[in-house]
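A closer look at the structure
These are the residues of each chain, in order.
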Amino acid sequence: VATLFCLFLPCLLSIHHDVASCYRMSPACGAAAAPMTHKLPILRSTVRVSGGGALRLRGGDDEGEEENEGEVEAEVPTTMFERLKINQSTNPADHPSTLEWGLAVALSIYAAVGAPFAAYIPGLCDLAQRKPKEKKLSPEEVARLEREALRKEQDEEFAQAMMEDKIKAAEKKKKQEAAEAEARAKKEEAEKKSSAVENYTKGIKAKKEAMEKEPAAGDGVVMLRIRCPDGTQLTRKFKTDGSVGSLYDFVDVSRHDKAQNTADPSIHIAELAEFEYNLVSTMPKLVLSDRAASLSSAGITTSCALVVQPISKD
């Protein structure tokens, strides 16, 4: 019986759908169908919509009736097939006829048993699809879902805040490490300069103690004029058998004594401690780089002018 019912129902619906489509009849009213060449009365109904307009639905003979401005026409389902696609309620009050309600109940049973052979009958798949019913939540369940949503949102905000705090902490740590490294570098540089100044001062003191007195003019004695980078002119007599290093000691001591007489001696002395240079003769062109050699062996046999030439660190 169930098999015959499942076979009969799709056939009935398919035949009804074809007949209704061909003759444009309404199965709910049971009126005789008119051929498609005959103009059927148009059913209309007007529904007011927001904005002052109206929605006019077909559902009555109102030829000659004037339409208001802003009205929109919309067709409503005119066949049982179309109405069953939209409304599959099993409540008799939701259907215009007992036949339509019975078909809706039959469709529900047919869909419940799996809708056999629905794929082989046109239009039946749309009718046999069971729309999931919306479950009405109790106030307690609504409150519980709201609490869960709020808790989830709070957890996400907390996780985001924790991530931002970690990023800020990492950036702060990075800046702190960079500042500490820069401070260490400055401290090491200052210690290096302080050590250089200390060694330079000790060297100047030793050079003063070892420096011989200026010899008197005579044989084997030359007068040398030394020009410094700041424009200072240093003049002194030296023995030709003396070392080139004695020239450098004289220049270092003289420039140190001059720096001590400035407004800020520590700055000038620190600059002198890092200053490296060569003594160069312009006439003849000589570079006195061998400090252990004598003046005569280096080519200084007569009075001449020398220049303090800085050594580039590049």
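Conventions adopted
- Sequence order as written defines residue numbering, which begins from 1 separately in each chain.
- Totals for whole chains, interfaces and linings use all residues, but because this is a predicted model, local features are given only for residues with pLDDT of at least 70 and pairs of side-chain atoms are given and counted only at 80 or more.
- Heavy atoms from the whole structure form the basis of all side-chain values; hydrogens and water molecules are not counted.
- A run of DSSP states H or I qualifies as a helix once it reaches four residues; a run of E qualifies as a strand once it reaches two. Both are numbered from the N-terminal end.
- A 1.4 Å probe rolled over the protein chains alone gives each residue an accessible area, and that area as a share of the maximum for its type sets the label: buried under 20%, exposed over 50%, partly exposed in between.
- For every accessible area listed, the method is Shrake-Rupley and the probe measures 1.4 Å; residues are considered covered only by the protein chains on display.
- Comment: axis = line fitted to C-alpha atoms, over the contacting stretch for helices; angle = value between 0 and 180 degrees taken between N-to-C directions.
- What sets the label is the angle itself: under 35 degrees gives roughly parallel, over 145 gives roughly antiparallel, 65 to 115 gives roughly perpendicular, and the rest give oblique.
- Helix crossings are classified by the rotation of the near helix relative to the far one: an anticlockwise turn of less than a right angle makes the crossing left-handed, while a clockwise turn makes it right-handed.
- Here a residue-residue contact requires only that any non-hydrogen atoms of the pair lie within 4.5 Å.
- Confidence scores here are pLDDT values: one per residue, from the predictor, ranging 0 to 100.
- In this analysis, strands are considered paired if DSSP registers two or more bridges between them.
- Distance thresholds for patches are 9 Å for like charges and 5 Å for nonpolar side chains (Val, Leu, Ile, Met, Phe, Trp, Tyr), applied to residues having over 30% relative accessible area and no salt bridge.
- We define a salt bridge as a side-chain nitrogen of Lys or Arg found within 4 Å of a carboxyl oxygen belonging to Asp or Glu.
- We count Lys and Arg on the positive side and Asp and Glu on the negative side, and we leave His and both chain ends out.
- A charge is said to be at NZ when it belongs to Lys, at CZ for Arg, at CG for Asp and at CD for Glu.
- An expected span of 1.5 Å times one less than the residue number is assigned to each helix.

This part covers the overall build of the protein. When you go through the protein residue by residue, the secondary structure sums to 8 helices and 8 strands. Looking at the protein residue by residue over its 314 residues, the buried ones come to 24%. Of the roughly 21900 Å² of accessible surface on the protein, 56% is carried by carbon and sulfur atoms.

Contact pair helix α6 (residues 244-260) / helix α7 (residues 265-274): the axes reach a minimum separation of 8 Å and the direction vectors enclose 160 degrees. Taken together, α6 and α7 sit at an angle that is classed as roughly antiparallel. Note that α6 runs across α7; the crossing there is right-handed. Where α6 approaches α7, its residues Arg255, His256, Ala259 and Gln260 are matched on the opposing element by Pro265, His268, Ile269 and Leu272.

Turning next to the side chain of His256. Along the chain, His256 turns up in helix α6. Given the relative accessible area of 5%, His256 is considered buried. Apart from the residues within four sequence positions on either side, His256 is in contact with Tyr200, Ile204, Lys208, Ile269 and Leu272.

Right, let's talk about the confidence of the model for the protein for a bit. Taken as a whole, the protein shows an average pLDDT of 76; of its residues, 70% reach a score of 70 or greater. Low pLDDT, under 50, characterises residues 14-74; the predicted model gives this stretch 88 contacts beyond four residues in sequence or across chains.

What follows deals with the side chain of Asp252. Relative to the elements of secondary structure, Asp252 occurs in helix α6. For Asp252, a relative accessible area of 10% corresponds to the buried category.

The strand order β5-β4-β8-β6-β7 describes an open sheet built from 5 strands, whose pairing is mixed. Bordering the open sheet on either side are β5 (233-239) and β7 (286-288), each of which pairs with just one other strand. Direction aside, the axes of adjacent strands within the sheet are offset by 30 degrees on average. In this structure, strand β6 (residues 277-281) lies alongside β7, joined through 3 bridges in antiparallel fashion. The partner of Ser281 across the bridge, within β7, is Leu286.

Together, Glu188, Glu189, Glu191, Glu271 and Glu274 make up a region of like negative charge exposed at the surface. Of all the secondary structure elements, the ones that give two or more residues to the negative patch are α5 (139-210) and α7. For the negative patch, the element with the most residues is α5, which contributes 3 residues. When you line up the elements, Glu271 lands in helix α7.

Moving on: the pairing of strand β8 (residues 304-310). Direction of pairing for strand β4 (residues 221-227) relative to β8: parallel, over a ladder of 4 bridges. Counted as the bridge partner of Leu224 is Cys304 from β8. Judged from the 5 bridges that link them, β6 and β8 form a sheet pairing that is antiparallel. Opposite Asn278, over in β8, you have Gln309 as the bridge partner.

So, about the pattern of salt bridges. By the definition in use, this model includes 8 salt bridges. Of the charged contacts, one joins Glu148 and Arg144 as a salt bridge, the two residues approaching to 3.0 Å between their closest N and O atoms. With a gap of 4 residues between them, Glu148 and Arg144 both fall in helix α5, about one helical turn apart. The partly exposed category is assigned to Arg144, whose relative accessible area is 36%. A salt bridge links Lys207 to Asp249; its shortest N-O distance comes to 3.8 Å. Residue Lys207 is found in helix α5, and its partner Asp249 is found in helix α6; the two are separated by 42 residues along the sequence. On the basis of relative accessible area, Asp249 is assigned to the partly exposed category, the value being 23%. Linked by salt bridges that have partners in common, Lys207, Asp249 and Asp252 make up one network.

Turning our attention to α6. Look at α6: 25 Å from first C-alpha to last across 17 residues, which is about the 24 Å you get at 1.5 Å a residue. For α6, the tally of buried residues reaches 12 of 17 residues, placing the bulk of the element in the interior. The set of residues buried in α6 consists of Val244, Gly245, Leu247, Tyr248, Phe250, Val251, Asp252, Val253, Ser254, Arg255, His256 and Ala259.

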